[in-house]
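Structure assessment
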Amino acid sequence: MSSITIYHNPACGTSRNVLALIRNCGEEPTVIEYLKMPPDRATLTALIAAMGVPVRSVLREKGTPYAELGLDDPKWSDEQLIDFMLQQPILMNRPIVVTPLGTRLCRPSETVLDILPRPQRGAFNKENGEAVVDAEGRRV
């Protein structure tokens, strides 16, 4: 079993780039496609706590029912916002990565480099061609 877990959406370019960066360090992570297998309340709450961020920062606005549900309204408590994410996992921002060095929402994708336990093994370019890691495995 891998020491790295990614809550992944294969339709998301950022998520695909993060997964590729994890693999570029020689790790094969546990991949959880959270739209197919959403985390339960305890797991989602633990992930948010481990990231040390407000619940609202884990909400995804683009391409979700965020606006139609009025989730920008401060009336919603953290518990209610978590309820929305549990009912509609598309509201969870991604990818969330858990490693022995920490838990992060990896946006932009190179954020994952801060919590990977091994160095990159070679050059890496994002899907859009942007260089992230050079041939010696150093962050660009």
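Here the residue numbers are simple positions, counted from 1 along each chain's written sequence. The model is predicted, so local features are restricted to residues of pLDDT at least 70 and side-chain atom pairs to those at 80 or more, both for listing and for counting; the totals for chains, interfaces and linings are taken over all residues. Each side-chain value is worked out from all heavy atoms of the structure, with water and hydrogens disregarded.

What about the overall build of the protein?
Here is the rule: Helix and strand assignments come from DSSP, with helices taken as H or I runs of at least 4 residues and strands as E runs of at least 2, each series counted from the N terminus. As defined in this context, the radius of gyration uses C-alpha atoms, and a globule is described by 2.2 Å times the residue total to the power 0.38. By the convention used here, residues are in contact when the closest approach between their heavy atoms is within 4.5 Å. Under the convention used here, a 1.4 Å probe and the Shrake-Rupley method define accessible areas, while residue burial counts only the protein chains that appear. Positive residues here are Lys and Arg, negative ones are Asp and Glu, while His and the chain termini are left out of the count. A single reference atom marks each charge: NZ on Lys, CZ on Arg, CG on Asp, CD on Glu.
Regarding its fold elements, the protein presents three helices and six strands. Helices and strands in the protein line up, N terminus first, as β-α-β-α-α-β-β-β-β. Taking 14 Å as the expected radius of gyration for a compact globule of 140 residues, we find that the protein reaches 15 Å, a close match to that expectation. For the protein, the proportion of contacts with a sequence separation of at least 24, taken over those separated by at least 6, is 58%. Accessible surface for the protein amounts to roughly 7200 Å². Of this, 51% is attributable to carbon and sulfur atoms. Positive and negative charge centroids in the protein, built from 16 and 17 side chains respectively, lie 4 Å apart.

Some remarks on the pattern of salt bridges
It is possible for side chains bearing opposite charge to pair when their charged atoms get close. In plain terms, the rule: Just to be clear on terms, a salt bridge is a Lys or Arg side-chain nitrogen sitting within 4 Å of an Asp or Glu carboxyl oxygen. Think of it in three bands: with a 1.4 Å probe and only protein chains considered, a residue is buried below 20% of the maximum accessible area for its type, exposed above 50%, and partly exposed in between.
All told, the structure shown has twelve salt bridges when counted by the stated rule. In this structure, Glu-127 engages Arg-16 in a salt bridge whose closest nitrogen and oxygen atoms are separated by 2.6 Å. Residue Glu-127 is located in the loop between β5 (124-125) and β6 (131-133), and its partner Arg-16 is located in helix α1 (residues 13-24); the two are separated by 111 residues in the primary sequence. When its relative accessible area of 32% is taken as the criterion, Arg-16 is described as partly exposed. When the shortest N-O distance is used, the salt bridge between Glu-28 and Arg-23 registers 2.9 Å. For Arg-23, a relative accessible area of 36% gives the class partly exposed. If you follow the salt bridges from partner to partner, you end up with Arg-41, Glu-79 and Asp-83 in one network.

A look at the nonpolar core
Quick reminder of the rule: Among buried residues, the Ala, Val, Leu, Ile, Met, Phe, Trp, Tyr and Cys ones that are joined through side-chain atoms within 4.5 Å form a nonpolar core.
Counting 19 residues, the largest nonpolar core has Ile-48, Leu-71 and Met-85 as the members making the most contacts within it. Residue contacts for Leu-71: discarding those within four places in its chain leaves Arg-56, Leu-59, Tyr-66, Trp-76, Leu-81, Phe-84 and Leu-91. Leu-19, Val-112, Phe-124 and Val-133 belong to the second-largest nonpolar core, a separate cluster that totals 16 residues.

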